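# Geometric and topological summary
What follows is the residue order along each chain.
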Amino acid sequence: MTQSVVVQVGQCGNQVGCRFWDLALREHAHVNKKGLYDEALSSFFRNVDSRGGDRGAGGIIQHLKARAVLVDMEEGVVNKLLQGPLREVFDSTQLLTDVSGSGNNWAVGHLTYGSVYREQMVEQLRRAAEHCDCLQCFFIIHSMGGGTGSGLGTRVLGLLEEEFPEVCRIVTAVYPSAEDDVVTSPYNSVLAMRELSEHADCVLPVDNQSLLDIVSRISLMAHGAKPELVIRRDGTLASRRGGIAGAEKPFDAMNNIVANLLLNITRETC
Ligand SMILES: Nc1nc2c(ncn2[C@@H]2O[C@H](COP(=O)(O)OP(=O)(O)OP(=O)(O)O)[C@@H](O)[C@H]2O)c(=O)[nH]1
Ligand SMILES: [Mg+2]
């Protein structure tokens, strides 16, 4: 049986990643009522005993740890994740954070943080790889618009190619909508796109405006009209005609769509 490691980078990467782990656990719990650690579960989770050692497939589930590395140059999103219901599936050795973020600047993520954290990132990726019997894939999730996602996300991609050339690199890249209020996001996207074309084996491009349109259409069917919505950096919705459309946080619903997409393409292995 093969395993995969998920590398989630930046706010968007970590929020989408978080939805992925949640759905993966729910789906598995739905089909495996006996709570066994089987081969399907082992593709994305380790089963760890109280001393932190790996237990083989076939036994009862003890402590599940996601095969993941969480990277963000701000602490907020990762800290929130660690206070939420998924906190048990990550431990501190899987996290890499800084405090100030990349300020929506590809170069800060790629060059500045990429150089400062190079060794630490390699160390964490190696550690995640060492827990696998047969590592098949790295799934990298990041936004194309944010400084950390686009810059550091693509730096990690390059590192993976250097360190694990034989392991497949699949990138989920979330593109900014035309209305994105991060002014640098088009530049970040173009700079990141070049890296993706050079270092990724497969890219799953996801368009935020399309996600928002899907979510808006579903909400329209369920609750009545809310036309022409655009998305703000903090995840709130605004109307194109001005004014705030409500205190809704559409990212959750949007990220669910992306997480389902990922779950579907990995279902073959899990
Ligand atoms: N679909 C989706 N898009 C997101 C999410 N969070 C942020 N974005 C989008 O990602 C872009 C901003 O990137 P972020 O991921 O927030 O930035 P970052 O990687 O943390 O980089 P810095 O904050 O600049 O250090 C914008 O286009 C946002 O609309 C999310 O949870 N889901
Ligand atoms: Mg950020």
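One can find the structure itself at the top, above this paragraph.
Report on the accompanying structure.

About the thresholds
Every chain is numbered on its own, with residues counted from 1 as its sequence reads. Numbering of ligands from 1 and lettering of chains from A proceed in the order in which they are written. Only residues with pLDDT of at least 70 are given local features in this predicted model, and only at 80 or more are side-chain atom pairs given and counted; all residues enter the totals for whole chains, interfaces and linings. In computing side-chain properties, one takes all heavy atoms of the structure into account and sets aside hydrogens as well as water. Here a pair means two rings of Phe, Tyr or Trp (six-membered ring of Trp) with centres within 6.5 Å. Their orientation is stacked below 30 degrees between planes, edge-to-face above 60, and tilted elsewhere. Residues belong to one nonpolar core when they are buried, are Ala, Val, Leu, Ile, Met, Phe, Trp, Tyr or Cys, and are joined through side-chain atoms within 4.5 Å. A simple rule labels every residue: compare its accessible area, found with a 1.4 Å probe on the protein chains alone, to the largest value its type can have, and call it buried under 20%, exposed over 50%, or partly exposed in between. We call two residues in contact when some of their heavy atoms are within 4.5 Å. Two strands pair if DSSP finds at least two bridges between them. Numbering of helices and strands starts at the N terminus; helices are DSSP runs of H or I of at least 4 residues and strands are runs of E of at least 2. Angular values range over 0 to 180 degrees, each being the angle between N-to-C directions of two axes fitted as lines to C-alpha atoms, with helices fitted over their stretch in contact. Here a residue counts as near a molecule or strand whenever at least one of its heavy atoms sits within 4 Å of it. Counting of polar contacts relies on pairs of N or O atoms within 3.5 Å, with two restrictions inside protein: one atom must be capable of donating a hydrogen and the other of accepting it, and residues adjacent in sequence are counted only when both atoms are side-chain atoms. In short, Shrake-Rupley with a 1.4 Å probe defines the accessible areas, and a residue's cover is counted only from the protein chains shown.

The relation between two aromatic rings is expressed through the spacing of the ring centres and the mutual angle of the planes. Scanning the model with the defined rule gives seven aromatic pairs in all. Aromatic rings pair up to connect F20, W21, F44, F45 and F139 into one cluster.

Core analysis: the largest hydrophobic core is formed by 37 residues, its most contacted members being F20, W21, F45 and F90. When neighbours within four sequence positions are excluded, F90 is seen to be in contact with W21, K65, A66, A68, L70, L81 and L82. V71, M121, F164 and Y175 belong to the second largest nonpolar core, which has 33 residues in total.

Below, the discussion takes up the sheet that holds strand β6 (residues 135-143). Pairing in this open sheet of six strands is parallel, and the strands run β5-β4-β1-β6-β7-β8 from one edge to the other. Taken across any chain shown, the strands that pair with only one partner, and hence form the sheet edges, are β5 (95-97) and β8 (202-207). Ignoring strand direction, the axes of neighbouring strands in this sheet form an average angle of 15 degrees. In this structure, strand β1 (residues 3-9) lies alongside strand β4 (residues 68-72), joined through four bridges in parallel fashion. Residue V9 lies in a different strand from β4, and its bridge partner there is V71. Where helix α1 (residues 10-31) meets the sheet, its contacts fall on β1, β4, β6 and β7 (168-175), and the angle it forms with β1 comes to roughly 140 degrees.

Further remarks concern the site of ligand 1. With respect to spatial proximity, 23 residues lie near ligand 1, and among them Q15, T148, G149, D180 and N255 are the closest. E74 is positioned with one of its side-chain polar atoms (N or O) 3.1 Å from an oxygen atom of ligand 1. At 2.6 Å, a backbone N or O of G149 approaches an oxygen atom of ligand 1. In the complex, 99% of the free accessible area of ligand 1, which totals 640 Å², lies under the protein chains. Elements with a minimum of two residues in the shell around ligand 1: α1, α6 (147-163) and α9 (251-266). No other element matches the four residues that α1 contributes to the shell around ligand 1.

All quantities given are derived from atomic positions and should not be read as evidence of function.
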